[in-house]
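Summary of the model geometry
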Amino acid sequence: MSMEKIVSLCKQCGFLFQSSEIYGGLQGFWDYGPLGVELKRNVKESWWKDMVVCHDDMSTLEGAPSPYAMEGLDCTIIMHPQVWKCSGHYDLFHDYMVDCKETKKRYRHDQLNGRWVEAKNQRVFITAAAGDDEVELIEKRAMKFFKIRAKNIEDIKYDGDPVCLTEIEDLSEVLGPDAKAVGTLTEPREFNLMFKTYVGALSGEEGTAFLRPETAQGIFVNFKNVMDSTRQKLPLGIAQIGKSFRNEITPRNFTFRSREFEQMEIEFFCHPDESQKWYQFWRDRRMAWYHEMGIPEDRLILREHTTDELAHYSIGTADLEYAFPFMAEGEFGELEGISHRGDFDLRSHIEGKLDEKSNPLELQLDENGKPKWKGSGKNLGYRDELTGEKYIPHVIEPSAGADRATLAFLCEAYTEDEQPDENGKMQKRVVMKFHPRLAPIKAAVFPLVKKDGMPEVAKKIYLDLKKQFKVFYDEKGAIGRRYRRQDEAGTPYCITVDGQTLEDQTVTIRDRDTLEQQRVKIDELRGIIQRRIEA
RNA sequence: GCGGGUGUAGCUCAAUGGCAGAGCCCCAGCCUUCCAAGCUGGUUGUGAGGGUUCGAUCCCCUUCACCCGCUCCA
């Protein structure tokens, strides 16, 4: 399945447009058209309904250690700047990069290590990507650079152990990790992945704020508010859907990596001893949700992060990844990440930014031995009123991309098949096979022909169904053409008023995927559609 | 950010240093009793800016966007 066809259909049918298209578009920004907005709303509403509103908090769900509660939140996009300092985003998203003028490659300034190497009366700082084999790599590169054979290896003198490139002020004697000549690296340049803005009329450092790069922090900083206002007990999940912003260096692949995007996140708070079980539970539950919404098992994988990818405080992180058509064969793109975050986030907002490399977690200090970023000092802990135990909850975070999910459903729905036309000749058909819950339009109503009172009856049915569903009325052109148009929009049901309707108050209801028609009573239409959507 | 490619109607694609064209789609009318039918008529334009030129959609420069590869990816 080619991505171009999907992109083309998205534009033609009104699922997705480039943002500001008449001015040439803006990289990394996309608009949802009339069909797209319905689709995305259905994705978000299905998630909200399944995770929050209709969640059964009385029973122990399959795979869960106990019953649990769910609440919702809707936090602001701009938050107190200290939130991002304590969360780690300020440091993390504030990268310095160096470019190599020779190889055109770009490196994180703090991820290159090197050693001063002297031979043949020349002193050069030879770099390599930071890692376990950096010492070996630097030796090899030194031999190559100075053109010294293995037997004369003593001619090479090393000045000290490898240090980070950030320690080097003058880059003119530095050999880039892939370069043949020295001095090809540019001065480090700042890449800020968080969008900056100013609060208040005056711009200046004092009013500097950031657009949130994730919705999660709004939940952490409101944890106490939710506990105090709802009388809920742990385990408790708090859900939020909302826009986030990341100033991606390279937005690519349609809406997959956008600079403005929407997240559907749950922060699930539980007792530390139970957190592993809950992590397993959420992995399985979220995987099952995508399956329920129509993503087949062979196109969705759960990729468990390896232990060296994990922060030490985390028991696990799993990515749910979909086989997007723009990925190479056998490769998958992330739809959702489910991470065990321990007590890192709540503690950081209490005590101050913790050093994620420390074990056990300790406050990150600055050069003067003071906290690098000060926390709120508020008590975000939990007291179990039955046992009297006090603890800082551990967090499981299922974090999904609403736009990525929507894109996956679009890709999955796109189908080309062949159906006979009125002469029995096979014609190519494009049909969007959305799950009925996700379909932008639930049903279309047609009079078979535009006369004999059929439009009047059809319009009445349309107006009645409209009270409950997003429906579409069309009386123009041949009936076959109208069916095909709805196939492209992914409308699961088409209701046709014909001659018989006028006699016995029945209509036909056509199924998008099978093309089968069933004759039903007009009075029963609402119930039938409702049942089929929920099935 | 680098290298390569692309940019013409809603879509797919022609053509040209001198009035920009087709098919599909769309709209209106006629016809039409179940899967893109037919007939008649109609709407819609060279991504943006600058230069060369009597004249640029075409040549040149800049810019923007998209695609592919690299790089990056919380």
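None of the values given here were measured: they were computed from a predicted structure.

Rules and cut-offs
Residues numbered from 1 in each chain as written. Chains lettered and ligands numbered in written order. Predicted model: local features only at pLDDT ≥ 70, side-chain atom pairs only at ≥ 80, totals over all residues. Heavy atoms only, no water. Helix = DSSP H or I, 4+ residues; strand = E, 2+ residues; numbered from the N terminus. Buried < 20%, exposed > 50% of the residue type's maximum accessible area, 1.4 Å probe, protein only. Contact = heavy atoms within 4.5 Å. Areas by Shrake-Rupley, 256 points an atom, 1.4 Å probe, with all protein chains shown as cover. Lys, Arg positive; Asp, Glu negative; His and termini not counted. Charge placed at Lys NZ, Arg CZ, Asp CG, Glu CD. Core = buried A, V, L, I, M, F, W, Y, C linked by side-chain atoms within 4.5 Å. 1 Å grid on protein atoms, 1.4 Å probe; cavity = no way out; pocket = protein on both sides within 12 Å on 5 of 7 lines; lining within 4 Å. Points joined across faces, edges and corners; volume = space filled by probe spheres on them. Nonpolar A, V, L, I, M, F, W, Y, C, P; charged D, E, K, R; others polar. Domains from an automatic or database assignment. Pairing = 2+ DSSP bridges. Axes fitted to C-alpha atoms, helices over the stretch in contact; angles between N-to-C directions. Parallel < 35°, antiparallel > 145°, perpendicular 65-115°, else oblique. Left-handed = near helix turned anticlockwise from the far one by under 90°. Near = heavy atom within 4 Å. Polar contact = N/O pair within 3.5 Å; in protein donor to acceptor, adjacent residues only side chain to side chain. Salt bridge = Lys/Arg side-chain N within 4 Å of Asp/Glu carboxyl O. Buried area = accessible area lost by both parts, 1.4 Å probe.

Take the overall build of chain A next. Across its full length, chain A holds 14 helices and 29 strands. Burial status across chain A gives 49% buried among its 535 residues. When contacts within chain A are restricted to residue pairs at least 6 apart in sequence, those whose partners lie at least 24 apart make up 63%. In the structure as shown, chain A presents an accessible area of about 27200 Å², 47% of it carried by carbon and sulfur atoms. With 76 positive and 92 negative side-chain charges, chain A shows a spacing of 5 Å between the two charge centroids.

In this structure, Trp278, Trp282, Tyr290, Phe324 and Phe409 are the most contacted members of the largest nonpolar core, which totals 59 residues. Residues Trp116, Phe125, Ile148 and Leu185 belong to the second largest nonpolar core, which totals 24 residues.

A few words now on the layout of surface pockets. Size it by volume and the second largest pocket reaches roughly 450 Å³. Around the second largest pocket, the lining is made up of 15 residues, and of these Asn42, Glu45, Lys49, Arg437 and Lys442 lie nearest the centre. Breaking the lining of the second largest pocket down by element, the ones donating at least two residues are helix H2 (34-53) and helix H14 (525-534). Of all the elements, H2 adds the most residues to the lining of the second largest pocket, at six residues. Of the residues assigned to the lining of the second largest pocket, the class counts are three nonpolar, four polar and eight charged. Taken domain by domain, the makeup of the lining of the second largest pocket includes at least three residues from each of domain 1 (3-93 + 197-409) and domain 3 (441-534).

The next point concerns the pairing of strand E17 (residues 333-342). Across the 10 residues that make up E17, a large majority, nine, are buried. Bridge count for E17 against strand E22 (residues 394-401) is six bridges, and the pairing is antiparallel. Note that in E22 the partner of glycine 342 across the bridge is valine 395.

Take the sheet that holds strand E16 (residues 317-322) next. Pairing is mixed across the open sheet formed by seven strands, whose spatial order is E3-E13-E14-E22-E17-E16-E15. Looking at the sheet topology across the chains shown, the edges are occupied by strand E3 (69-73) and strand E15 (300-304). Each strand axis lies, on average, 20 degrees off the axis of its neighbour in the sheet, ignoring direction. Relative to strand E13 (residues 236-245), E3 is paired through five bridges, and the arrangement is parallel. For glycine 72, the partnering residue across the bridge sits in E13 and is alanine 239. The sheet contacts of helix H7 (residues 223-230) involve E3, E13 and strand E14 (260-270), and relative to E13 the element is tilted by about 135 degrees.

Running from N to C, helix H11 (residues 454-466) and H14 point in directions that differ by 50 degrees, and their axes come no closer than 10 Å. Looking at the two axes, H11 sits oblique to H14. Judged by the sense of rotation from one axis to the other, the crossing of H11 with H14 is right-handed. Counting all contacts with H11, which are made through Ile461, Asp464 and Leu465, the residues of H14 involved are Leu525, Arg526 and Ile529. Grouping the constituent residues of the contact of H11 with H14 by class yields four nonpolar, no polar and two charged.

What follows deals with the protein's contact with RNA strand B. Of all residues adjacent to RNA strand B, which total 45 residues, the nearest are Arg246, Glu248, Arg257, Arg481 and Arg485. At the protein interface, 58% of the atoms of RNA strand B within 4 Å belong to sugar or phosphate. With respect to RNA strand B, the side chain of tyrosine 483 contributes an N or O atom lying 2.6 Å from a base oxygen. Here a base oxygen of RNA strand B sits 2.7 Å away from a polar atom, N or O, in the side chain of glutamine 517. Take the surface near RNA strand B: its biggest share by element is seven residues, from helix H12 (residues 479-489). Residues of the surface near RNA strand B, tallied by class, amount to 12 nonpolar, 12 polar and 21 charged.

With that out of the way, let us pick up the pattern of salt bridges. Side chains that differ in charge, positive against negative, can pair when their charged atoms come close. Evaluated as defined, the whole model comprises 30 salt bridges. A salt bridge links lysine 40 to aspartate 403, with the shortest nitrogen-to-oxygen separation between them at 3.0 Å. Note that lysine 40 is positioned in helix H2 and aspartate 403 in helix H10 (residues 402-413), a separation of 363 residues in sequence. Here the two residues lysine 40 and aspartate 403 agree in accessibility, since each one is buried. With its nearest N and O atoms 3.2 Å apart, the salt bridge here joins lysine 44 to glutamate 262. With lysine 44 in helix H2 and glutamate 262 in strand E14, this residue pair connects regions lying 218 residues apart in the sequence. We note that lysine 44, like glutamate 262, is buried. In the salt-bridge network here, residues are joined through shared partners; they are Lys40, Lys44, Glu262 and Asp403.

Once that is clear, we can look at the sheet that holds strand E8 (residues 157-164). Within the open sheet, the four strands sit side by side as E8-E6-E7-E9. Their pairing is mixed. The strands lining the two open edges of the sheet, one partner per strand, are E8 and strand E9 (174-175). With two bridges joining them, strand E7 (residues 122-129) and E9 adopt parallel strand pairing. If you follow isoleucine 126 over to E9, its bridge partner there is leucine 175.

For the rest of this paragraph, the subject is the environment of lysine 147. Looking at the secondary structure, you find lysine 147 in the loop between helix H5 (134-146) and E8. For lysine 147, a relative accessible area of 69% puts it in the exposed group. For the pair lysine 147 and lysine 120, spaced 27 residues apart in the sequence, the C-alpha separation amounts to 9.8 Å.

Attention now goes to the side chain of threonine 317. By the element assignment, threonine 317 lies in strand E16. Setting aside residues no more than four positions away along its own chain, threonine 317 makes contact with Tyr279, Arg303, Glu304, His305, Leu310, Ile338, Ser339 and His340.

This part takes up the domain arrangement of chain A. The domain boundaries assigned to chain A delineate domain 1 (3-93 + 197-409), domain 2 (94-191) and domain 3 (441-534). If you average the C-alpha positions of domain 1 and of domain 3, the two centres end up 40 Å apart. Of the residues lining the interface, six residues belong to domain 1; the matching set on domain 3 comes to five residues. Together, the buried faces of domain 1 and domain 3 total about 420 Å²; carbon and sulfur atoms form 62% of this surface. The interface formed by domain 1 and domain 3 holds zero salt bridges in total. Counting residues per element, the ones that place at least two in the side of domain 1 that touches domain 3 are helix H1 (3-13) and H2. Per-element tally for the side of domain 1 that touches domain 3: the top contributor is H2, with three residues. Classifying every residue of the side of domain 1 that touches domain 3 by side-chain character gives four nonpolar, one polar and one charged.

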